[in-house]
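Examination of the molecular architecture
Listed below are the residues making up each chain.
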There are 2 protein chains.
Amino acid sequence: MDGLSIGQVAERTGLSVHALRFYEREGLLADAVRRESNGRRVYTEDDVDWLNMCIKFRSSGMPLDTIRKYTELVRQGAGNEADRLALLKSHQDHVRAQIEELNECLNVITWKVDIYQQHVDAGTADGLWVTPSTQTASEAS
Amino acid sequence: MDGLSIGQVAERTGLSVHALRFYEREGLLADAVRRESNGRRVYTEDDVDWLNMCIKFRSSGMPLDTIRKYTELVRQGAGNEADRLALLKSHQDHVRAQIEELNECLNVITWKVDIYQQHVDAGTADGLWVTPSTQTASEAS
DNA sequence: GCTTGACCTAGAGAGCGGTCTAGCTCCTAG
DNA sequence: CTAGGAGCTAGACCGCTCTCTAGGTCAAGC
């Protein structure tokens, strides 16, 4: 058995069958999906690999539009590797920036968690925690 | 001068005035914003601090709904610190998971970037790169 | 007095990324 | 023969997060 049904691909990729059809309509598949005589989609392992790449792109915040552009470059075939590289590098920068930003957020959140943790550990009856009307910025947030 | 106009707060936080009003309507502000006699909003430095927190929450993927819940806990005043802590910890986990996922994506992307970089560095005339119809998964993606 | 610009409210609209429905065809098992 | 389940298409709808518009107020400067 050489081809996969849409249901099988959904199972393997974690995408819903809806999403798979949606991605296809949106032009995110490198090769046109073959069809059986009855019109049903037949996916190859390469399609699954490609989809898994797309999922990585998506989950790192690449918009569908950019994935589509990349897909088109690949579809055009050899000769535009520099363009593909530029697109990938740009996304790479983007992902690095996201990680950086998340780390900053994590620091702030961790700082707050620690404050609350200390407070909760110390018990709530010590009166250290003021009422809203007299809260300072750091206590209020 | 003790109060800030909405425009000044927009400038300091990077949020648009639209977004500031929107956040207020959505109940994301810990304290009700004071108004001048003419109805204009007057923000305090604490409001700005709070908003900067919200921005950290948002940019790390906390939905407005969750920020609202946190805000409500803070508004209720002392006594629910354990709840706030739980919320913050849950988000902390979420952020860590996001960072992890992004790092995985970054690995994949970096792997592809390296492949393309080598190819582009080697020049495009060497025929190593096949046409779409014969691409394998790793070459195609 | 008039203009300009910042501000106000309520509510519509927009972009993204799906998700779901309606109404249909097919195939297979009982 | 029939029921169930998977698939098909086109297109409506959704949740989220803004963003903008319409229609107005208000204060300061020329």
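Model, not experiment: these values are computed from the prediction.

1. Describing the overall build of chain A
A tally of regular secondary structure across chain A gives six helices and two strands. Going from N to C terminus, chain A has its helices and strands arranged as α-α-β-β-α-α-α-α. Evaluated residue by residue, chain A yields a buried proportion of 38% over its 141 residues. Restricting to contacts in chain A with at least 6 residues of sequence separation, those with at least 24 account for 47%. Accessible surface, chain A: about 7500 Å² in total, of which carbon and sulfur atoms supply 50%.

2. So, the interface of chain A and chain B
If you look at the interface, chain A gives 49 residues, while chain B gives 49 residues. Remark: the boundary between chain A and chain B carries two salt bridges. Across the salt bridge formed by Lys-56 of chain B and Glu-104 of chain A, the nearest N and O atoms sit 3.5 Å from each other. For the interface between chain A and chain B, the tally reads nine residue pairs in polar contact (both at pLDDT 80 or more). Listed by contribution, the elements that provide at least two residues to the side of chain A that touches chain B are α3 (45-59), α4 (64-76), α5 (81-121) and α6 (137-140) of chain A. Per element, the largest residue contribution to the side of chain A that touches chain B is 27 residues, and it comes from α5 of chain A. Considering only residue class, the side of chain A that touches chain B consists of 24 nonpolar, 14 polar and 11 charged.

3. Describing α3 of chain A
Residue and element names in this part refer to chain A. Over its 15 residues, α3 runs 21 Å from end to end, which matches the ideal 21 Å to within 8%, given 1.5 Å per residue. If you check which residues of α3 are buried, you get Asp-47, Val-48, Trp-50, Leu-51, Met-53, Cys-54 and Phe-57. In the stretch just after α3, Gly-61 is the one whose phi turns positive, near 90°.

4. Some details on the side chain of Asp-47 of chain A
All names here are of chain A. One can find Asp-47 in helix α3. Here Asp-47 sits buried without a salt bridge, and the closest side chain of opposite charge, Arg-34, lies 6.3 Å off (N-O distance). Reaching out from Asp-47, the side chain makes a polar contact with the backbone nitrogen of Thr-44 at a distance of 2.9 Å. Leave out the neighbours within four places in its chain, and Asp-47 touches Asp-31 and Val-42.

5. Quick word on the protein's contact with DNA strand D
The full set close to DNA strand D counts 16 residues, and Gly-7, Arg-21 and Arg-41 of chain A together with His-18 and Tyr-23 of chain B are the nearest of them. Put simply, 66% of the atoms of DNA strand D that lie within 4 Å of the protein are in sugar or phosphate. Measuring from a phosphate oxygen of DNA strand D, one finds a backbone N or O atom of Arg-41 of chain A at 2.7 Å. Within the contact set of DNA strand D, a phosphate oxygen lies 2.9 Å away from a side-chain nitrogen or oxygen of Tyr-23 of chain B. For the surface near DNA strand D, the secondary-structure elements that each account for two or more residues are α1 (6-13) and α2 (17-25) of chain A together with α2 (17-25) of chain B. At three residues, the largest contribution of residues to the surface near DNA strand D is made by α2 of chain B. A breakdown of the residues in the surface near DNA strand D according to their chemical character gives five nonpolar, four polar and seven charged.

6. Examining the environment of Thr-44 of chain A
Among the structural elements, Thr-44 of chain A can be located in the loop between β2 (41-42) and α3. Once residues within four sequence positions are removed from consideration, Thr-44 of chain A is found in contact with Leu-4 and Arg-34 of chain A.

7. So, the protein's contact with DNA strand C
Residues in contact with DNA strand C amount to 17 residues; listed here are only the nearest, Arg-58 of chain A together with Ser-5, Gly-7, Arg-21 and Arg-41 of chain B. Taking all atoms of DNA strand C within 4 Å of the protein, the share assigned to sugar and phosphate is 68%. Within the backbone of Leu-64 of chain A, one N or O atom sits 3.3 Å away from a phosphate oxygen of DNA strand C. In this structure, Ser-5 of chain B approaches DNA strand C through a side-chain N or O atom, which is 2.9 Å from a phosphate oxygen. Mapped onto the surface near DNA strand C, the elements with two or more residues apiece are α2 of chain A together with α1 (6-13) and α2 of chain B. Taken together, the residues of the surface near DNA strand C break down into five nonpolar, five polar and seven charged.

Definitions and limits used
Residues numbered from 1 in each chain as written. Chains lettered and ligands numbered in written order. Predicted model: local features only at pLDDT ≥ 70, side-chain atom pairs only at ≥ 80, totals over all residues. Heavy atoms only, no water. Helix = DSSP H or I, 4+ residues; strand = E, 2+ residues; numbered from the N terminus. Buried < 20%, exposed > 50% of the residue type's maximum accessible area, 1.4 Å probe, protein only. Contact = heavy atoms within 4.5 Å. Areas by Shrake-Rupley, 256 points an atom, 1.4 Å probe, with all protein chains shown as cover. Salt bridge = Lys/Arg side-chain N within 4 Å of Asp/Glu carboxyl O. Polar contact = N/O pair within 3.5 Å; in protein donor to acceptor, adjacent residues only side chain to side chain. Nonpolar A, V, L, I, M, F, W, Y, C, P; charged D, E, K, R; others polar. Expected span 1.5 Å × (residues − 1). Lys, Arg positive; Asp, Glu negative; His and termini not counted. Near = heavy atom within 4 Å.

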